[in-house]
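# Chains, contacts and geometry: an overview
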Amino acid sequence: MNCTFHINSPISLICIAPHKCQCSRKLCVECQYDHDVDIKKHTIPIIQFHERLKKKLKELKLDEISEIIEERTAFKQMLSHTESMMKNIWEELSQSIIQLYDIIEKQNKSYLDIINQNINLNETSNTELEKLVQILEGQTLDVWNVEKNFYMNQLKKMKNLWGQEIKSLNEKIKEMNEIFQQQFKSSITTIKPIQEENEVIKEDLFEMLTQIQNIDESIYNNILEILRREKASDILEFLSKQSNLYELLINEQINTSDAIEIIKKITKVLSNIQDHQFNKDDYSSGTYYKARQDLIKRIAKNKGIIDFIKFLVLLTSIDEKFIQSGSNGLNLLLGMKIDLQNQSLENIRIKNTSLIGGHFVKCNLSGSEFDNVDISGLNLNGAQLFNCKWKNLKIHELNKLEGHSDIVWQVCISKQGNKIASGSSDNTIRLWDVKTGQQNAQLEGHDDAVISVCFSPDGNTLASGSNDMSIRLWDVITGEQKAKLDGHQSAVLFVFFSPDGNTLASGSRDNSIGLWDVKTRQQKVQLDGHTSYVYSVCFSPDGMTLASGSNDNSIRIWDVITQEQKIKLDSHTGYVYSVCFSPDGSTLASGSYDNSIRLWDVKSGQQRVQLDGHTSYIQSVCFSPDGNTLASGSSDNSIRLWDVKTGQQIAQLDYHSKDVNSVCFSPDGNTLASGSYDNSIRLWDFKSEQQQVQLDGHINDVNSVCFSPDGMTLASGSNDNSIRIWDVKTGQQKVQLDGHTNDINSVCFSPDGKTLASGSNDNSIRIWDIITRQQIAKLDGHCDYVRSVCFSPDGNTLVSGSYDKSIRVWDVITGQQKVQLNGHTNDVNSVCFSPNGDTLASGSNDNSIRLWDVITGQQIAKLDGHISYIQSVCFSPDGNTLASGSRDNSIRIWDVKTRQQKVQLDGHTNDVNSVCFSPDGDTLASGSNDNSIRLWDVITGEQIAKFDGHINYIKSICFSPDGNTLASCSRDSSIRLWIVKTGTEIQPLYCNYNEILKKWKPPIILNKLPNSVNPNNTILVISIDPFLLSNGALIFQGQFLTTWGEDLQRFFESRGSCIMDNLNCINYK
C-alpha cells in the first residue's frame, strides 16, 4: 500500500510516538523527513511491528481462554436456571390471578343474568323467583359483596407485594451495575432493570438476523421464484418439504449438507421472526425509536442481513403471516438509505408503517397493497402503479394548508372539531375543513393584518382582531360580517370568547383589555393595569377568571365579575406572548420572549415549573383537552410537546421553515394545528404513535449548490450557517461542516474535489478538507459579507467577491491574499474564472460586469447593459462567452473577445439570481425569484424548458459534470436535482412506457404522451419537509385512498403522473 501523502512511495514504517500522528501512523521514506519525531525511538518497520505485537499477545496469554469458557458456561447455566425458575413462578402466579378474576366476573354475571332474564315476573318459575327475593331482601348479595371484597383485597395485596419484590430486585440489579461500572466503567454494558409495560423487544433481533448473514441473495430469489410458480402461500411449510430442497440444490449447484444447513437457518430465523414483536408491532412507532436506530447502526453495512430484509419485503406478496415484519423491513431499508430504484416490488403488502422519504424511482409496484402507511415524501418518479390497492394513507403535504399569501398569525379549531379559522397579514380570514384540509371560505373586510381569530363555543360565530384596530364578528355558515366592534385605540392583538359565549375579551396595543357583550355588541368594561401591549388573553374554564400576558413582562389574573386584578405574576424577563388555562383551571401556562415556558398555580400565584428547550422566543402555548400535554410554538421554527406532570419535552415537530406563531389542539385531542411566518398552516396527527422522521435537509434558505468534479457529491451552503455534503444518488447527507457564524452565501469545490471553499456573512472565507471533514484554513480580509468564491482551474488560487465592493485573490496553499481588485462602486455579488484561468469576471450592484487580468490584477473591460444589480456571471466551457443574470429580470450573453452583448434572454418575471452553462456549452440554465428554472439554447436564444417545483426564490443552480443533472437550491430551504439532457431535448421518464405497456394483458399502446405527464423530472428533493414526487409514474386501474377516504390519483396527476384510466390515447390489442 502506498502513502496517502506521497502516492509513489510505499508505507514502510509505523509511528509509535505518544502524539496525534499527522500521518495516521503510516510512514513512507519521505514521511520520515516531514515527521517531527525521533526515527529510531518512535518508529518500527511494519514487519517488526507485527512480530512485536504477536510476542506481546503471547506474553499476556490472551489466547488461553479455557478458564473463561468454563466460567462463562457456569454463569450461563445459572442464568438459564434462574430464567426457567422465574418463568415457572410467573406462569403459576398468572394462572392464579386469572382464576380469581374469572371467579369474580362469573359470579357477577350470574346475578346479572338472573335479574335481566326475569323481566316478566308473571312467567318466572318459583325457583327463579325465590332467588330474586333472596337477592332483594336476603343476604345473598351482601355475602357475595364481602366475599368479592376479600378477593379484591387479596389481589391488591398480591400486586403490592409483587411490586415491592420487583423494586427490591431492581435495587439489587442497580447494585450489580454499580459494581460493574466501578470495575469496568464504560467498557461494559450495564444490566438493565426489569422492563415495565411498553418497553420493547424481548429477544435481540440483531442476534437473530446474524444467523443468516452469510446466505447468498440468489438463494432467496430462488425460493421466491418457486413459491410463486407453485402458488404456495406458506413459506415455512414449503421449506419443510424435502422435494423443494432438491430443486434448490439443482438451481444453485451446492452440495446437500450445505443446502440443508442453509434451509435450516432460514427456517429457524423465519420461525423466530414470526413469533417476534417485529412481526406484530409497528416498528416505525415512537415506542421502538431507540431500538430501530440501534438496529440500523448495527446492520447498515451488513449485506447478508440487508439481503434477508429485502427477501422479507418481497415475501409479503406471498405469505400474509409476514406482512408486518416485511413492512418493518421496508422501513428499515429506507432508514438505511438502501437504493431501491428500478426494483420489482410487485404485489408486496405493506401495513402499519412509515415510508417517509422513500426512493422508489422506476420501481414496479403494480398489484401492491398498502394499509395505514405514511407515504409522505415518497419519490415515485417513473414508477409502475397498476392495480394498486392503497388505503388509509397518510401524507404530510395534505396536512399543509396553503392559501394565505402572507404571515399566518393565529389558527383556531372550532369546539365541534370540524373547522379551522386562520388570520393572516394578507388581511384575510380563511376557514378550512379539518378532515380534508380544503379551504371552505375566505372572509374579507379588515383593512390590515388579521392578528387573532376565535370561534364561539357553539361554532356559529367567529371573532377576529386586526391591526386596523377593529374587532369583527362573522357568521361562520354564511361568511357574512355580523358586527364591527370599535373602541380600541390601536391594533387588536388577541380575542377570546368566554365559555358561555356571551362575552368576548380582547387585548390591544393600547395596553388595555376590553370585555364585550356579544349580543349587544357593546363594550361592557375596560381593564387597565398593563403598562404596555396586551398580547394574549384567556378565560378560565368556569369563565370567572381572565388571564392576560403583556409586553410589560407580566401576567395578570383578573376577577371577571368584580373586574379587579387579583394577582400579578412577574417572573418572566421578557414579553409574555401567550397565556393558556389548563382544562381544569388549576394551572396557567405562559410563553415568553425570554425563551421559557412557565406553569403557574392559579390559586397561589406560585410558579410550579419552568420548561426550557426552545432556542428562541415562545409565541404560543396550548393545553391538550386532557390537560396532560402542553404544545408550544416558537420563533426557533419548532413546535414542542411537553409532559405537564414531569415537565419533560416529549416531542419536537420541525417542518415549519419560519417562526411558529400559533398552536391549537382539536377538542378530541387528536389533531394539533399550527400557523407560521412561512404563510402556511399545518395539521399534526397528535395521537399517532409513529415517530416523526427527521429527513435530511437545511432548516433555512439554501443559497448555493456545487457539484464535485466526479459528480457523485453535492455541496450546499445555507442561512442555517451550515455547509452540507450530499450523496447525489441517494440524497443522504454525508457530512455537515460547521464553523461559520452567519449565513453561507457561496460554496465551491476545488478542481481535484479534495477541497471546498465557502464564503459567508461572517465576512470570512473558509477552506475545508473533504476527506478529513476538517477546516484547514480561514481567510480574513473582507470587511463585509463574502458573496461569492471561485477556484482557479489549477486549484492554486481562490477568488472572492464581497459587499465591501472588493475582489480578493488568495493563494490556496499559503492562505495569504495575493492581490485586491478595486473598481466596482457597489457590492460584488459574483465572481468566475475563465476556463484557462487568465481572466476573471465579476458582477456587481453597480449594474456592471468587469473583466480582470488575473496575472496583472488590471481591469481589462467593463460590460454595461443591465439596468439593475448583476446577481450572477458564468463563463462558457470554451471561454468565449459570458452569461449574466440580473435583477432587471434578464439574462445577457456576451462575446468575451469583442466585449459586446450577443443576445438578451427574456422570460423570467423576477430577479435572475443564478446562471450556469452546461458542460458542452450548448445550454444555459437560469434560476429566478419567479421560482422557476429555465433552460435556454445558447445559439438560438430560445427557451427550451421551464422547471417548476420550488415554492420560493431559486438562489443557485449548477450542472453536474456529465450535464445530465441540474441541481437547484431555494429560499424554500430545499435542494432539487432535475434530470436533463443538455441541448434541446429533455430526457423523459416515459421513454420506455410502450415497452412496459406491451406486457400488460391485454397489451396497451400509448399513441402519444398525455398532457398530464410533465417530462421535466425532479429526480430528488432534499428537504426536511417531505415532498412526494410522482413525475412520469404510470397509474392504471388502482386506488390510493387517504385516511379520510380521498383518492390521491388527482394529487399524483398534479405531480406529473399519467392516469391511464382517463386517457383516450391508448389502444387495447
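All values derive from a computational prediction rather than experimental measurement.

Now for helix α13 (residues 303–315). Between its first and last C-alpha atoms α13 spans 18 Å; for 13 residues at 1.5 Å apiece the expected length is 18 Å, and the two agree. Most of α13 is tucked away: 11 of the 13 residues are buried. Where α13 begins, one side-chain oxygen reaches toward the backbone nitrogen of Gly304, 3.2 Å away; that side chain belongs to Asn302.

Another point: the nonpolar core. Counting residues in each nonpolar core, the largest one holds 74 residues, and the members touching the most others are Ile235, Ile266, Leu270, Phe308, Phe360, Ile375 and Leu385. Top element by residues in this core is α13. It accounts for 9 residues. With sequence-adjacent residues up to four places away left out, Phe308 is seen in contact with Leu209, Ile212, Tyr220, Val269, Leu270 and Ile273. Val702, Leu714, Val728 and Leu977 belong to the second-largest nonpolar core, a separate cluster that totals 13 residues.

Pairing is parallel in the open sheet, where 3 strands are placed in the order β6-β65-β67. What marks the edges here is a single partner per strand, and that holds for β6 (384–386) and β67 (1058–1059). Where strand β65 (residues 1034–1036) and β67 come together, 2 bridges link them in parallel fashion. Bridging from a neighbouring strand, Leu1034 pairs with Cys1058 of β67.

We now examine unusual backbone geometry. The backbone phi angle of Asn342 is positive, close to 65°, even though this residue is not glycine. Counting through the fold element by element, Asn342 comes out in the loop between α14 (323–335) and β4 (349–354). Residue classification places Asn342 among the exposed residues on the basis of a relative accessible area of 54%. In this structure, Arg899 is a non-glycine residue whose phi angle is positive, near 65°.

Taken together, the 4 strands give an open sheet; going across it, the order is β8-β35-β34-β33, and neighbouring strands pair in antiparallel fashion. Two strands close off the open sheet at either side, each with one partner strand: β8 (400–401) and β33 (660–665). With 5 bridges joining them, β33 and strand β34 (residues 671–676) adopt antiparallel strand pairing. Counted as the bridge partner of Val660 is Ser676 from β34.

Right, let's talk about the confidence of the model for the protein chain for a bit. Per-residue confidence for the protein chain gives a mean pLDDT of 85; residues scoring 70 or more make up 87%. Across residues 1065–1069, where pLDDT falls below 50, the model places 20 contacts with residues more than four positions away in sequence or in other chains.

The next subject is the packing of aromatic side chains. Counted by the stated rule, this structure contains 22 aromatic pairs. Aromatic pair Tyr577 and Tyr617: ring centres 5.7 Å apart, planes at 45°, arrangement tilted. Here the residue Tyr577 occupies a position in strand β25 (residues 576–581), and Tyr617 occupies one in the loop between β28 (607–611) and β29 (618–623), the gap between them amounting to 40 residues. In this structure Tyr617 comes out as partly exposed when scored by relative accessible area, which is 23%. An aromatic cluster of three or more residues is present, and its members are Tyr533, Tyr535, Tyr575, Tyr577, Tyr593 and Tyr617.

So, about α14. With 13 residues, α14 extends 18 Å between its outermost C-alpha atoms, agreeing within 8% with the 18 Å of an ideal straight helix rising 1.5 Å per residue. The buried fraction of α14 is high, at 12 of 13 residues. Here α14 has its buried residues at Ile323, Gln324, Ser325, Gly326, Ser327, Asn328, Gly329, Leu330, Asn331, Leu332, Leu333 and Leu334. Positive phi shows up at Lys337, right after α14, with a value of about 60°.

One can describe the packing of α13 onto α14 by two numbers: an axis separation of 8 Å at closest approach and a directional angle of 135°. Between α13 and α14, the interaxial angle falls into the category oblique. Note that α13 runs across α14; the crossing there is left-handed. Residues Ile306, Ile309, Lys310, Leu312 and Val313 of α13 touch α14, and the partners they reach there are Ser325, Gly326, Gly329, Leu330, Leu332 and Leu333.

Scanning the model with the defined rule gives 27 salt bridges in all. Here Glu207 and Arg298 are joined by a salt bridge, their closest N and O atoms 3.8 Å apart. Remark: Arg298 occurs in helix α12 (residues 289–299) and Glu207 occurs in helix α7 (residues 205–209); sequence separation between them is 91 residues. For Glu207, a relative accessible area of 43% gives the class partly exposed. According to the relative accessible area criterion, Arg298 is partly exposed, its value standing at 34%. Put simply, Arg766 and Asp762 hold a salt bridge, and the shortest N to O gap is 3.3 Å. Here Arg766 falls in the buried class, since its relative accessible area comes to 8%. Asp762 sits in the buried class, given a relative accessible area of 18%.

What counts, and at which threshold
Residues numbered from 1 in each chain as written. Predicted model: local features only at pLDDT ≥ 70, side-chain atom pairs only at ≥ 80, totals over all residues. Heavy atoms only, no water. Helix = DSSP H or I, 4+ residues; strand = E, 2+ residues; numbered from the N terminus. Expected span 1.5 Å × (residues − 1). Buried < 20%, exposed > 50% of the residue type's maximum accessible area, 1.4 Å probe, protein only. Polar contact = N/O pair within 3.5 Å; in protein donor to acceptor, adjacent residues only side chain to side chain. Core = buried A, V, L, I, M, F, W, Y, C linked by side-chain atoms within 4.5 Å. Contact = heavy atoms within 4.5 Å. Pairing = 2+ DSSP bridges. pLDDT = per-residue confidence, 0-100. Phe/Tyr/Trp six-rings, centres within 6.5 Å; stacked < 30°, edge-to-face > 60°. Axes fitted to C-alpha atoms, helices over the stretch in contact; angles between N-to-C directions. Parallel < 35°, antiparallel > 145°, perpendicular 65-115°, else oblique. Left-handed = near helix turned anticlockwise from the far one by under 90°. Salt bridge = Lys/Arg side-chain N within 4 Å of Asp/Glu carboxyl O.

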